[in-house]
Amino acid sequence: MINKQINSTQNALIKQIVLLKEKSRERKKTGLFVVEGIREIELALKGDYTLKSILFYAELFSAEDLKTLSINNTEIIEVSKDVYSKIAYRETTEGIIAIAKSKVNNMESLTFKNDNSLILVAEAPEKPGNIGAILRTADAANVDAVIIANPKTDLYNPNIIRSSVGCLFTNQIATGSTEAIIEFLKSKQINIYAAILQESQEYHKQDYTKATAIVLGTEATGLSDAWRQAALQNINIPMQGAIDSMNVSVAAGILIFEAKRQRDFK
């Protein structure tokens, strides 16, 4: 099952993996990215991602363990301790890393099972940790899709994969400009609810049982004015403390699960 072994940190593939971890430009150029950890790799496989190569360090993850993975036409490489230390991303690691092929994350690739889809839109999120947390929330609520408007970070950043605990692979995800997303949502007759203070009503007084997109901006700048104008209704979460905003992933959880509650969590 093992195709080859790599013992040198100067190997060309090892150098490429380091670049894929560190450089968005390399990920975009090659259409490849790095996945570390058995749970994340299993979720990538479940999400129909193609794995080009799997590298493992036998003292942490044995060749026998590989048999639990449903992998075909994937190169299997055993690496030495030094090599694995060079390519591993996490402080606590599991001994297995994969090189995967990225997907085309455009809106045309989204499919919806019914006519009352629930979509979470985040405009211009910058921090990979926030994006990962949003994806975990989306997975927990089993939303139909997550759309990132005007992305500041590419989806296959290792920090997003890590902070999403692999939920990058369990959600339908697309990216696009704010204008293109608004046009897409309107063409699908999806009601837009924009989390914004101006001209807004309290979120729990709205009806999210029809096709719905809940849209959130960043804590620093909020949503662009285009969403305020496009929304069926602007919504707010009543704040009862000293500050007037909360973390975007927390706000996403509150709003999405209100929509799920109204739908009897179906």
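Heads up: these notes are all about the structure in this document. (Residues numbered from 1 in each chain as written. Predicted model: local features only at pLDDT ≥ 70, side-chain atom pairs only at ≥ 80, totals over all residues. Heavy atoms only, no water.)

Attention now goes to the pairing of strand E11 (residues 212-216). When you tally the buried positions in E11, you get five out of five residues, the bulk of the element. Where burial is concerned, the two faces of E11 agree: the one with Thr212, Ile214 and Leu216 and the one with Ala213 and Val215 are both buried. Direction of pairing for strand E6 (residues 118-123) relative to E11: parallel, over a ladder of five bridges. Looking at the pairing, Val121 lines up with Val215 of E11. Pairing between strand E9 (residues 191-195) and E11: four bridges, direction parallel. Looking at the pairing, Asn191 lines up with Thr212 of E11. (Buried < 20%, exposed > 50% of the residue type's maximum accessible area, 1.4 Å probe, protein only. Helix = DSSP H or I, 4+ residues; strand = E, 2+ residues; numbered from the N terminus. Pairing = 2+ DSSP bridges.)

Another point: the sheet that holds strand E10 (residues 200-202). Ordered in space as E8-E7-E6-E11-E9-E12-E10, the seven strands form an open sheet in which the pairing is parallel. Only two strands of the sheet have a single partner each, and these edge strands are strand E8 (173-176) and E10. Across this sheet, the average inter-strand angle for adjacent strands is 30 degrees, counted without regard to direction. Of the strands in this sheet, E6, strand E7 (145-149) and E8 touch helix H5 (residues 128-141), which is tilted by about 175 degrees from E6. Together, E6, E7, E8, E9 and E11 form the strand contacts of helix H7 (residues 178-187), whose direction differs from that of E7 by roughly 145 degrees. (Axes fitted to C-alpha atoms, helices over the stretch in contact; angles between N-to-C directions. Contact = heavy atoms within 4.5 Å.)

Along its 14 residues, H5 runs 20 Å from first to last C-alpha, staying within 8% of the 20 Å computed at 1.5 Å per residue. Burial in H5 covers these residues: Asn130, Ile131, Gly132, Ile134, Leu135, Thr137, Ala138 and Ala141. Residues of H5 that are buried in the fold lie against E6, E7, helix H6 (158-163), E8 and helix H9 (248-262). Looking at the residues trailing H5, positive phi occurs at Asn142, about 55 degrees. (Expected span 1.5 Å × (residues − 1).)

In this structure, Tyr57 sits in the loop between strand E3 (51-56) and strand E4 (75-79). Sequence separation between Tyr57 and Lys81 is 24 residues, and the spatial gap between their C-alpha atoms is 6.5 Å. Those residues in contact with Tyr57, other than ones at most four positions away along the chain, are Val79, Ser80, Lys81, Tyr84 and Gly95.

Okay, the packing of H5 against H9 next. What describes two packed helices is the angle between their axes and the distance between those same axes. One way to put it is that H5 packs onto H9 with a least axis distance of 9 Å and a crossing angle of 15 degrees. Considering their axes alone, H5 and H9 lie roughly parallel with respect to each other. As H5 runs across H9, the sense of the crossing is right-handed. Residues Asn130, Ala133, Ile134, Thr137, Ala140 and Ala141 of H5 pack against Val248, Ser249, Ala252, Gly253, Ile256, Phe257 and Lys260 of H9. Grouping the constituent residues of the contact of H5 with H9 by class yields eight nonpolar, four polar and one charged. (Parallel < 35°, antiparallel > 145°, perpendicular 65-115°, else oblique. Left-handed = near helix turned anticlockwise from the far one by under 90°. Nonpolar A, V, L, I, M, F, W, Y, C, P; charged D, E, K, R; others polar.)

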